[in-house]
Amino acid sequence: MRVLLTGGAGFIGSHTALCLLEAGHEIVALDNLNNSSPEALKRVSELTGKQATLVVGDCTVEADVEKVFTEYGPFDAVVHFAGHKAVGESVSIPLEYYRNNLNSTLVLCNVMKKHGCLNLVFSSSATVYGTNTQVPLHEDLPTGCTNPYGWTKWMNEQILTDWSHAEKDVSVVLLRYFNPIGAHQSGRIGEDPSGIPNNLMPYVCQVASGKLQKLHVFGNDYDTVDGTGVRDYIHVCDLANGHLKALEYAVEHKGVEVVNLGTGEGYSVMQLVHAFEEANGIEIPYVVDPRRPGDIAICYADPKKANEKLKWQATRTLTDMCRDAWNWQKQNPFGYHGDENK
Ligand code: NAD
Ligand code: UD1
């Protein structure tokens, strides 16, 4: 297959690029480098010995998307990763989130349609389950969101579902990711957040490296195993493999499917911290802070559908995730830029 990856220079996109190239497919990434570095795909080319082509362009600009299809197509399928993803920021600048995350999809789908490329895999999120407490979270549960970022995922799911209902040859797989962490085992590609990380694992890694002093645990009075929040952490390479399986499914089946990508197991903040300490032999100092507004107590997937429909399941353990995340951080203390002034 020849696959277009929008947002392909990002965290999940670069790991998926590597996975697809290793499986013998060709990829082209379209990315405006708003939250990523061209270095990621250079390293994917080095690791695989195959060409991970990057086209710098914006998915909300029709001419940019058209150019990729004309000059680098035809494509058998598209994975649409491109979008803004920070929950807190989406509350501060909602219009920018709706503009980028919705316009990119509308522009992309119109250009795909024009070029007869009708197979699409979309990056959705477990955030669309909102405040649902009925774990494990199954795809048929009612959805709803608590922040603008989440609503952009929810609206994109609706747009793509309507498109697939209207045009019988369209095939869409909506992947609801749980909490992707870790990095490729080589330590050459990984998650490179700008500024102080919002998410748990990158924060833990920066405490381990001494860049940050201590972890702030957001609440220890939840109704969970030890009072701290429980999440379904999934290794980014397992997640990448889920995209390969979703693409194979999409080219064989018409219509729309929504599929969770999670392990089906939940771990608390303190369980993750202890797993990190054990895997890497490093102590993580922490303090307990009040709950973070908008957080829920427990969130983990029912992964049965992914197993049945996509023939996929996660294979890597929490220890693997902690080891690989630290290996990346250790080798790249300042991310792809290689200096402190990012
Ligand atoms: P990321 O920020 O590393 O990757 C997104 C990429 O999209 C970046 O390289 C960015 O430069 C690019 N981009 C943004 N807007 C663009 C535009 N208009 N045109 C072209 N490129 C654009 O994020 P990620 O963690 O790799 O996430 C990928 C996708 O998965 C996102 O849609 C995100 O919302 C979704 N998702 C991520 C997580 C997670 O925990 N990382 C969880 C659930 C869903
Ligand atoms: C968050 C987003 C979610 C997004 C996901 C991946 C929110 C409310 N949700 O999920 O939409 O898809 O990131 O990008 O932001 N924690 C700490 N200290 C920290 C950071 C986190 O204790 O410094 C705790 C949180 O309270 C939570 C767990 O660690 O219990 C995981 O947090 P995080 O990594 O931010 O992911 P989510 O909140 O699950």
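My aim in this report is to walk through the structure given alongside it, one point at a time. (Residues numbered from 1 in each chain as written. Chains lettered and ligands numbered in written order. Predicted model: local features only at pLDDT ≥ 70, side-chain atom pairs only at ≥ 80, totals over all residues. Heavy atoms only, no water.)

Thoughts on the packing of aromatic side chains
- Counted according to the given criterion, the structure contains five aromatic pairs.
- Both rings, one in Trp151 and one in Trp154, keep their centres 5.1 Å apart while their planes meet at 75 degrees; by these two values the pair is edge-to-face. Placement of both Trp151 and Trp154 in helix H6 (residues 148–166) is noted, with a separation of three residues, approximately one turn of the helix.
- Judged by its relative accessible area of 28%, Trp151 falls in the partly exposed class.
- Considering the side-chain rings of Phe276 and Trp326, the 6.1 Å spacing of their centres and the 70 degrees angle between planes classify their relative orientation as edge-to-face. Of the two residues, Phe276 sits in helix H9 (residues 269–280) while Trp326 sits in helix H11 (residues 318–331), which places them 50 residues apart along the sequence.
- Since its relative accessible area comes to 0%, Phe276 is described here as buried.
- A relative accessible area of 10% places Trp326 in the buried class.
- Just above the ring of Tyr222 sits the side chain of Arg291; from NZ or CZ to the centre is 4.1 Å. (Phe/Tyr/Trp six-rings, centres within 6.5 Å; stacked < 30°, edge-to-face > 60°. Helix = DSSP H or I, 4+ residues; strand = E, 2+ residues; numbered from the N terminus. Buried < 20%, exposed > 50% of the residue type's maximum accessible area, 1.4 Å probe, protein only. Lys NZ or Arg CZ within 6 Å of the ring centre and 35° of its normal.)

Structural measurements only, silent on function.
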